[in-house]
Amino acid sequence: MLYSIKLCDSRSHGRVGEIPSSLKQLARCKMSQHKKDLKEKAQGATFIAGGTVAGAGVAATVGGMGLAVGGTAVGVTAAPVAAAGSIVGSAAYGAKKALEEKDATALAAIAGGAAAGAGTSAVVGGMGLAVAGTAIGIGMAPLAAAGAVVGLAGYGLKKLWLE
């Protein structure tokens, strides 16, 4: 049977890089790690919940919106706008984690999302967003930017669930 022992950090009553010398010290190391993990999960959930609330607030403030694609238009209600807010919240968490950890893989997620957004624009073609009686065209650049946000949101969720 193999056992792995994590090295203590400076806050767990051991010197950095020192292997715990007793079970009590090992328990402190494990408890310290669990508290850190729980704090990270709570932070990520707060970012996502905050984004969801902000999205719902935008939907309630702006009101009736619609999306026109390829000759058809659909109404956009509060639920999709709140979901978009949660994606933005997850992307904000992903950006925070990428900056904290100096993780360059976040750039790959951003680039992949931007490419997917640009590809969607190329395939689907002209789109428009109608808000409060006015409509604006949505070209390739806004879709690529939205795709980059979705890619960063995926990175944020990966960081939240797997670490």
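Residues numbered from 1 in each chain as written. Predicted model: local features only at pLDDT ≥ 70, side-chain atom pairs only at ≥ 80, totals over all residues. Heavy atoms only, no water.

Caption draft 1: Quick look at the sheet that holds strand β2 (residues 72–76). Pairing is antiparallel across the open sheet formed by four strands, whose spatial order is β2-β1-β3-β4. Both edges of this open sheet fall to β2 and β4 (134–138), since each of them pairs with a single strand only. Averaged over all adjacent pairs, the angle separating strand axes in this sheet is 25°, with direction ignored. When strand β1 (residues 65–69) meets strand β3 (residues 127–131), the two strands line up antiparallel, connected through five bridges. Directly across from Leu67, in β3, lies its bridge partner Leu129. (Pairing = 2+ DSSP bridges. Helix = DSSP H or I, 4+ residues; strand = E, 2+ residues; numbered from the N terminus. Axes fitted to C-alpha atoms, helices over the stretch in contact; angles between N-to-C directions.)

Caption draft 2: Quick peek at the pairing of β3. Sheet topology note: the β3/β4 ladder contains five bridges and is antiparallel. Residue pairing across strands places Leu129 opposite Ile136, the latter belonging to β4. Here β3 hands over to β4 after two residues, with Ala132 in that stretch at a positive phi of 50°.

Caption draft 3: Seen up close, the packing of helix α3 (residues 105–124) against helix α4 (residues 140–162). Relative to each other, α3 and α4 sit at 140°, their axes nearing to 6 Å. Between α3 and α4, the angle is such that the two are oblique. Taken as a pair, α3 and α4 cross one another with a handedness that is right-handed. Where α3 abuts α4, its residues Thr105, Ala106, Ala109, Ile110, Gly113, Ala114, Gly117, Ala118, Ser121 and Ala122 lie against Met140, Leu143, Ala144, Gly147, Ala148, Gly151, Leu152 and Tyr155. (Parallel < 35°, antiparallel > 145°, perpendicular 65-115°, else oblique. Left-handed = near helix turned anticlockwise from the far one by under 90°. Contact = heavy atoms within 4.5 Å.)

Caption draft 4: Broad picture of α3. Helix length check: α3, at 20 residues, gives a terminal C-alpha distance of 29 Å against a target of 28 Å (1.5 Å per residue), a fit within 8%. Every buried residue belonging to α3 is among Ala106, Gly113, Gly117, Ala118 and Ser121, and all of these are buried. On an axial view of α3, the arc spanned by its buried residues comes to 130°, and they lie on one face. Structural note: α3 exposes Ala108, Ala122 and Val123 on the side pointing more than 90 degrees away from its buried face. The inward-facing, buried residues of α3 abut α2 (78–101), β3 and α4. Immediately downstream of α3, the backbone of Gly125 shows phi near 95°, a positive value. (Expected span 1.5 Å × (residues − 1). Buried < 20%, exposed > 50% of the residue type's maximum accessible area, 1.4 Å probe, protein only. Arc of directions from axis to C-beta.)

Bear in mind that shape data such as this cannot, by itself, settle questions of function.
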